[in-house]
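Per-entry structural report
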Amino acid sequence: MLPVDAHVHIVGNGATGSGCWLRPHGWYRWLGRYMCRHIGLSPNAFTLPDFDERYVEHLLHLVRSSSLHRIVILACDHAHNPEGTRFDAGIFYVPNDYVLGLARQHPEFLPAVSIHPARPDALDELDRCVAGGAVLMKCLPNCQNINCNDPRYRPFWERMAAHRLPLLAHTGGEHTLPEIEPRFADPRTLTLPLECGVTCIAAHCAGRALFDPEYFHIFAEMTHRYPNLYGDLSGFNIPVRARLYRRARQPPLVERLIHGSDFPVPTMPIWPWLWRQLSWRTYRQLARIANPLERDYQTKRALGFPTATFTRITALIPVSSPGQTKAEPFRQ
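Residues numbered from 1 in each chain as written. Predicted model: local features only at pLDDT ≥ 70, side-chain atom pairs only at ≥ 80, totals over all residues. Heavy atoms only, no water.

**Describing unusual backbone geometry**
The step from Pro251 to Pro252 runs through a cis peptide bond, and the omega angle for that step is 0°. By the element assignment, Pro252 lies in the loop between helix H9 (245–248) and strand S12 (257–258). For the bond from Phe263 to Pro264, the omega torsion is 10°, close enough to zero to count as cis. (Helix = DSSP H or I, 4+ residues; strand = E, 2+ residues; numbered from the N terminus.)

Take a look at the structure:
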């Protein structure tokens, strides 16, 4: 099996008809400029009429020039209230049809759709997306206003379990998107889907992002009770969350972890170095890797995560694995 990045964001401004929209303001507009520059695009790229095409072409280039075999690309649904009424509270939107279409065009992409379970058409949309090739369902409970334990959502989780479609859910702090309900960052909000039999992946392993509550220990404890609970290492190369690497590498927890980058969120190996988990020499080698997808992947390899961490997602979703790796593994 070959390495897969299970957490890559698609964004677009919709100027050419993708259906996406992007509306950063204040801090988020500055952050968007910084992210564009970090991944190798011009700082104002997200304002250009051809941004959607530029982003996809650049992402394809990064995957093809990396050690990764494929990446899971994420849609992003609207926020809804529990009664199913949609409201625009976020700063970006990516429709399911867009990621499904990109995956049909490019074998490097695996589509993760996003469906708020309160939507009146949630079950129909779930069936449609599974038939269209979806391999994951992505949600951000704290940003999309999803209390996953709401009993009204039980039929949705049961249908997901019947489809054997995993749920990738944001857990832990969030500072790159506005939050609606911070309390839904707690991984215990995944209890109902877990009990319904859904394979759940707690994005970021519920680690805090800055000054928000720490839920990593709760996630780790939950893995003992729920064999269908996993966590991904996306967004770990940031100042606060990088400190968790040492605990994440410990068995048996390491056997439940999945590689994800959280692209285009910046990935900087300086943070695990500052937490004394990388040597200076190794840090300098990693810092010279220009490709952010490759840099994130090689940083986690250098930290000692086993090969299974980078291939485990293929046991949870339908991913073919022909061919050979495209780049030499990192060696200290």
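Continuing now.
**Looking at the pattern of salt bridges**
A full pass over the atoms with the stated rule returns 17 salt bridges. Residue Arg154 pairs with Glu158 through a salt bridge whose shortest N-O separation is 3.8 Å. A residue pair is termed a helical-turn pair when its members lie 3 or 4 positions apart in one helix, as Arg154 and Glu158 do in helix H6 (residues 154–163) at four residues. We classify Arg154 as partly exposed; its relative accessible area is 37%. Exposure remark for Glu158: the relative accessible area of 41% places this residue in the partly exposed category. Between Arg188 and Asp186 there is a salt bridge whose closest N-O contact spans 2.7 Å. (Salt bridge = Lys/Arg side-chain N within 4 Å of Asp/Glu carboxyl O. Buried < 20%, exposed > 50% of the residue type's maximum accessible area, 1.4 Å probe, protein only.)

**Focus: the pairing of strand S10 (residues 200–203)**
Of the two faces of S10, the one carrying Cys200 and Ala202 and the one carrying Ile201 and Ala203 are both buried. Across four bridges, strand S9 (residues 167–170) lies against S10 in parallel orientation. Considered in S10, the bridge of Ala169 is made with Ala202. In this sheet, strand S11 (residues 229–232) lies alongside S10 in parallel orientation, the contact comprising three bridges. Bridging across to S11, Ile201 finds its partner in Tyr230. Remark: the S10/helix H8 (residues 216–225)/S11 crossover connection has right-handed handedness. (Pairing = 2+ DSSP bridges. Right-handed = clockwise from strand over helix to strand, strands pointing away.)

**Focus: the nonpolar core**
With 89 residues, the main nonpolar core has Leu59, Met137, Trp157 and Leu167 as its most contacted residues. Tallying contributions element by element places helix H2 (residues 51–64) first for this core, with seven residues. (Core = buried A, V, L, I, M, F, W, Y, C linked by side-chain atoms within 4.5 Å.)

**Observations concerning the packing of aromatic side chains**
Describing an aromatic ring pair means giving the distance of the ring centres and the angle of the ring planes. Taken as a whole and judged by the stated rule, the model has 13 aromatic pairs. With a centroid separation of 5.3 Å and an interplanar angle of 75°, the aromatic rings of Phe156 and Trp157 are classed as edge-to-face. Residue Phe156 shares its accessibility class with Trp157, and that shared class is buried. Joined through ring pairs, the aromatic side chains of Trp27, Trp30 and Tyr34 make up one cluster. Here the guanidinium or amino end of Arg256 rests over the ring plane of Tyr230, the centre of that ring lying 5.5 Å away. (Phe/Tyr/Trp six-rings, centres within 6.5 Å; stacked < 30°, edge-to-face > 60°. Lys NZ or Arg CZ within 6 Å of the ring centre and 35° of its normal.)

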